[in-house]
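One letter stands for each residue in the lines below.
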Amino acid sequence: RKQFPLPAGNYKAVLARGSQVPYDAMAVSQVFSISDTSCDPSGTIIDVLEDKGNFQTLLAALHATGLDEALRTAAGPLTLFAPNDDTFARLGSGAIADLLDHLAVLNDILLYHVVAGEVLSVDLTDGSITTLNGDDIHVDLRSSGNIVINGNTLVVARDCLADNGVVHEINKVLIPPSDLPSLVT
């Protein structure tokens, strides 16, 4: 039996297909991931991002393009691979300002982080997934249990459920291959 040291908190186990039970009632033979209950469904994907508090730059970008309202009102389900504020900070304020000056490119980049359907971490498989901008992301399930997107982006928090989908926090901004030329010129 493998032990998982967890900080103090109110945890639930998230079973395949999203059903939740208290952690202490979890059968050892079940396949599960641990999720802090702060990710319990508490509204839309946008509400979850606002509640988490570390997605302010992503929320501002979504607002600038109008995608915030789409993610708030979409019946879904949708899956969002969400870069956190530290991720955007590593881009630098100049890069963020440039993206805000080119909303079509920013819109395309943001749609590259969204997948149709609720894709929980247990549903992910090695291979490609088509995003809402039409380009594919590549998923690599590592033997360590890590989920890597496009070879260099780590999913750092999984399965944050929302009423209209799920959010996976990632440590890099995903750039669609079709936008690379516009970003380097």
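Structural data are supplied above this passage.
Remember, it's a predicted structure, so these values are computed and weren't measured experimentally. (Residues numbered from 1 in each chain as written. Predicted model: local features only at pLDDT ≥ 70, side-chain atom pairs only at ≥ 80, totals over all residues. Heavy atoms only, no water.)

Draft legend 1. Representation of the nonpolar core in the model. Counting residues in hydrophobic clusters, the biggest one holds 26 residues, and the most contacted among them are L49, L58, L62, L80 and V167. Residue assignment for this core shows that the elements contributing at least two residues are α1 (45-52), α2 (56-65), α3 (67-73), β4 (78-83), α6 (103-111) and β9 (153-162). The contact partners of L49, leaving out residues within four places of it in the chain, are F55, L58, L59, L62, L80, A82 and V167. Core analysis: the second largest hydrophobic core is formed by 13 residues, Y112, V119, I137 and I147 among them. (Core = buried A, V, L, I, M, F, W, Y, C linked by side-chain atoms within 4.5 Å. Buried < 20%, exposed > 50% of the residue type's maximum accessible area, 1.4 Å probe, protein only. Helix = DSSP H or I, 4+ residues; strand = E, 2+ residues; numbered from the N terminus. Contact = heavy atoms within 4.5 Å.)

Draft legend 2. Spotlight on the packing of α2 against α6. Direction vectors running N to C along α2 and α6 enclose 120°, while the axes themselves pass 9 Å from each other. Of the possible angle classes, the one that applies to α2 and α6 is oblique. Between α2 and α6 lies a crossing of left-handed hand. Residue-level inspection shows L58, A61, L62, A64 and T65 of α2 in contact with α6, the latter providing L103, L106, N107 and L110. (Axes fitted to C-alpha atoms, helices over the stretch in contact; angles between N-to-C directions. Parallel < 35°, antiparallel > 145°, perpendicular 65-115°, else oblique. Left-handed = near helix turned anticlockwise from the far one by under 90°.)

Draft legend 3. The pairing of strand β6 (residues 127-130), seen in detail. Where β6 meets strand β7 (residues 136-141), four bridges bridge the pair, whose relative direction is antiparallel. Looking at the pairing, I129 lines up with I137 of β7. (Pairing = 2+ DSSP bridges.)

Draft legend 4. Structural context of the pairing of β9. In this structure, strand β8 (residues 147-149) lies alongside β9, joined through two bridges in antiparallel fashion. Of the residues in β9, the one forming a bridge with I149 is T153. Counted between consecutive antiparallel strands, the loop separating β8 from β9 contains three residues, among which N150 sits at a positive phi close to 55°. Judged from the five bridges that link them, β9 and strand β10 (residues 165-170) form a sheet pairing that is antiparallel. Bridge assignment links L161 to a residue of β10, and that residue is V166. If you look at the hairpin formed by β9 and β10, you'll find two residues sitting between the two strands.

Draft legend 5. Representation of the environment of T44 in the model. Turning to its location among the elements, T44 is positioned in the loop between β3 (32-36) and α1. Residues T44 and L71, spaced 27 residues apart in sequence, show a C-alpha to C-alpha distance of 7.3 Å. Contact partners of T44, with chain neighbours within four places excluded, come to L71, R72, A162, D163 and N164.

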